[in-house]
Structures are given as C-alpha cells and as structure tokens.
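# Secondary and tertiary structure notes
Okay, here's what each chain looks like letter by letter:
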Amino acid sequence: MASSTSITQHPLLLNTGQTLKVIEIFLRDEMKRVGFENAVIGLSGGIDSALSTYLAVRALGKDHVHCVMMPYKSSSPESLKDAEEVVSDLGVSSEVVEITSMADAYFAMNAEMDNLQKGNVFARLRMIVLYDRSHSRKALVIGTSNKTESLLGYTTLFGDNASAINPIGDLYKTQVRQLSKEIGVPKAILEKAPSADLWSGQTDENEMGLTYDEADLLLYHLVDCRESDDELLERGFKQELIKKVKGMIRRSQFKRMPPLIAKISPRTVNVDFRYPRDWGKLILARMNDPFIGIFLQIQ
C-alpha cells in the first residue's frame, strides 16, 4: 500500500467542502471568543501561508486581514512575487518588511553560525515583526504550520510555529495541497516545491530526507491509527523509514508542548487551570451544528 497507493486513494483524502466549513466556523468563533476582529499573517509565498490567508479572508472578510511579507536579501524574488499575487487576488492590505538589516546585525556578532542557525534567526525575527503588528493593529497572529511539520519537528520554536490561532495545524501537507486547490490558491504556488526559503536552493523535502507524500501516509497510520511497527511493515513501509520518522517525532516533542511548569500550587497553569470554565461563564450554543462543540465562553 505504501508504494502503490496514490494520494487520491488513501484515507487522507478530504471532504474539502466540509473541511472549509469547519475551519471557517472555527476561525470566526475563536476570534470572537477572545474579543478580536482582525488578523495578521506572515505571507511567504508558500502554500501553507497562502492557504491560511485564503481561509482567514473567507472567515473574517478581506478588510480584517493584513499580510506581512518579510524577505531577507537572499530570499527568492519569486516568493515575494507569489505572495503579492495572493494579496492582489484577495484584496487584503499588506506591507513588505525587510529583515536583512536586523538579521545581519546579529550575524555580525556571531560569525560562525551555520545555515540552520541562521534559518532559526530568520523565523524568529519574522515573528517579532508579526507580533509587533498584532499589537499595533489590535489583531491576532494566524498560524501557518501544518500537521506534518509539527509532528516531524520541522518548525522553529517561537518562530514559524508561533501563533494565536492556527487554521491548518491539523492538516497534513498533502491535505494542505487539496484544500489549497479547492479554495483557489494560485497555480504557481500549488506547483512549486515546498521551501522555507531559508537559503538559495533549499527545499523542505531535501532537508528532511523524505517526501511529504510518504511521510504523511506513514504519519497517518502511525499517529492517527496508532498502528504498531509490525502493522506498518505489513502495509509496505520500510523499517528504515519507520525508524527515521518515529525518531523525528520523539526528538521534537518539546516543540509541541507549552513550557513545562513545576507543579507547586493547587492550580497550575496548563495543568489544572486550562479550561474555559476556569476564567469565564459558559453558554450553550450551536446545538444544531455538527461541526462545533456546544460550549462557548463569554466574558
């Protein structure tokens, strides 16, 4: 199955209409729940940030979404061009904030940095800009990291994986492609190789050493279906791939968790104090909506 089944035949195939409805309601209700109307998004020109932008506009309206493009001097000009096409297509407000001078000032103090370190700096500097814009615009930062990246640890902690609300965090990369095609993401973005654009020629799949198609199918059976190694081998997955992916998941667990807190008091943040009932009243809502939980917090 792992080698012969195409992506359109396996269980990651989405009901795109239903998925769009779920995410639209999720974004609109969660923004309202925390008292915000506006969103800011770091738009890279890649498929993930493009999809998050289209989803945010669908849920909130174009007048409530602001995009920020943050190139470094070595960033591909095509990435900025693709991002600008999304902005033009959706009619959202946008700006370009160069991070070159900020990054170079830090690099000058750390001459021995490798490409991975520099990539992490880029990701965190961009989040500095986004959270500054979120403050000045009274907006929330919308996330652009997908489920594959999260599970494999292919994210920068407090960088590209930081956000207030993430509409695509439970979508595997192959599902991001499906939904992007359905919602109308430009063809040039749909067809180019996924890249964080960290340095010239960099691609996600080359850096990880595996393709998204093979990673997603394995992750689905390993994580969502909780299948054993023996079951995965029976499906045709190679032992080497299983070991590699499980190792990536284990090593990156700390990236998927809030900061660990030593429990001292009776009620500890993110341990015992974590539910809506802890800080507000509850109302019964959306009783007839099959996609959304029935409880919403009100202030």
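Structure first, text after, so check above.
Attention here is on the structure that accompanies the text.

Conventions used here
Residues numbered from 1 in each chain as written. Predicted model: local features only at pLDDT ≥ 70, side-chain atom pairs only at ≥ 80, totals over all residues. Heavy atoms only, no water. Helix = DSSP H or I, 4+ residues; strand = E, 2+ residues; numbered from the N terminus. Contact = heavy atoms within 4.5 Å. Expected span 1.5 Å × (residues − 1). Buried < 20%, exposed > 50% of the residue type's maximum accessible area, 1.4 Å probe, protein only. 1 Å grid on protein atoms, 1.4 Å probe; cavity = no way out; pocket = protein on both sides within 12 Å on 5 of 7 lines; lining within 4 Å. Points joined across faces, edges and corners; volume = space filled by probe spheres on them. Nonpolar A, V, L, I, M, F, W, Y, C, P; charged D, E, K, R; others polar. Salt bridge = Lys/Arg side-chain N within 4 Å of Asp/Glu carboxyl O. Phe/Tyr/Trp six-rings, centres within 6.5 Å; stacked < 30°, edge-to-face > 60°. Lys NZ or Arg CZ within 6 Å of the ring centre and 35° of its normal.

### A few points about the environment of Met31
Relative to the helices and strands, Met31 resides in helix H1 (residues 16-33). For Met31 and Leu140, which are 109 residues apart along the polypeptide, the C-alpha to C-alpha distance reads 8.0 Å. Leave out the neighbours within four places in its chain, and Met31 touches Phe36, Glu37, Asn38, Ala39, Leu60, Leu140 and Ile165.

### Observations concerning H1
With 18 residues, H1 extends 25 Å from end C-alpha to end C-alpha; this agrees with the ideal 26 Å at 1.5 Å per step. For H1, the full list of buried residues reads Thr16, Thr19, Leu20, Ile23, Glu24, Ile25, Leu27, Asp29 and Met31. Within two residues after H1, Gly35 carries a phi angle of roughly 85°, on the positive side.

### Re the layout of surface pockets
Considered as a void within the structure, the second largest pocket measures approximately 800 Å³ in volume. Of all the elements in the fold, those that place two or more residues in the lining of the second largest pocket are H1, helix H6 (147-152) and helix H10 (212-224). With four residues, H1 is the largest single contributor of residues to the lining of the second largest pocket. Among the residues forming the lining of the second largest pocket, the class breakdown is 17 nonpolar, 11 polar and five charged.

### Section: the pattern of salt bridges
Counted by the stated rule, this structure contains 16 salt bridges. The closest approach of N and O atoms between Asp170 and Lys147, which form a salt bridge, is 3.3 Å. Of this pair, Asp170 sits in the loop between H6 and helix H7 (173-183) while Lys147 sits in helix H6, and the two are 23 residues apart along the sequence. What makes Asp170 exposed here is its relative accessible area of 58%. The shortest N-O distance in the salt bridge between Glu191 and Lys187 comes to 3.8 Å. Of this pair, Glu191 and Lys187 both sit in helix H8 (residues 187-191), four residues apart, roughly one helical turn. An identical accessibility class is assigned to Glu191 and Lys187; each is exposed. One network of salt bridges, with partners in common, ties together Glu24, Arg28 and Arg58.

### A look at the packing of aromatic side chains
Enumeration over the complete set of coordinates arrives at three aromatic pairs. When the centroid spacing of 6.3 Å and the interplanar angle of 75° are considered together, the rings of Tyr72 and Phe107 count as edge-to-face. One end of the pair, Tyr72, is in the loop between strand E2 (65-69) and helix H3 (77-90); the other, Phe107, is in helix H4 (residues 100-107), and 35 residues separate them in sequence. A relative accessible area of 9% places Tyr72 in the buried class. With centroids separated by 5.6 Å and ring planes inclined at 70°, the aromatic side chains of Phe107 and Phe122 adopt a geometry described as edge-to-face. Linking Phe107 in helix H4 with Phe122 in helix H5 (residues 115-136), this pair joins segments that are 15 residues apart in sequence. In this structure, Phe107 and Phe122 share a single accessibility class: buried. Every member of this aromatic cluster is reached through a ring pair, and the members are Tyr72, Phe107 and Phe122. Note that Lys118 overlies the ring of Phe107, its terminal NZ or CZ placed 5.4 Å from the centroid. Across from the ring centre of Tyr212, 5.2 Å away, lies the NZ or CZ of Lys173, which sits over that ring.

Limitation: the analysis is restricted to geometry and does not speak to function.
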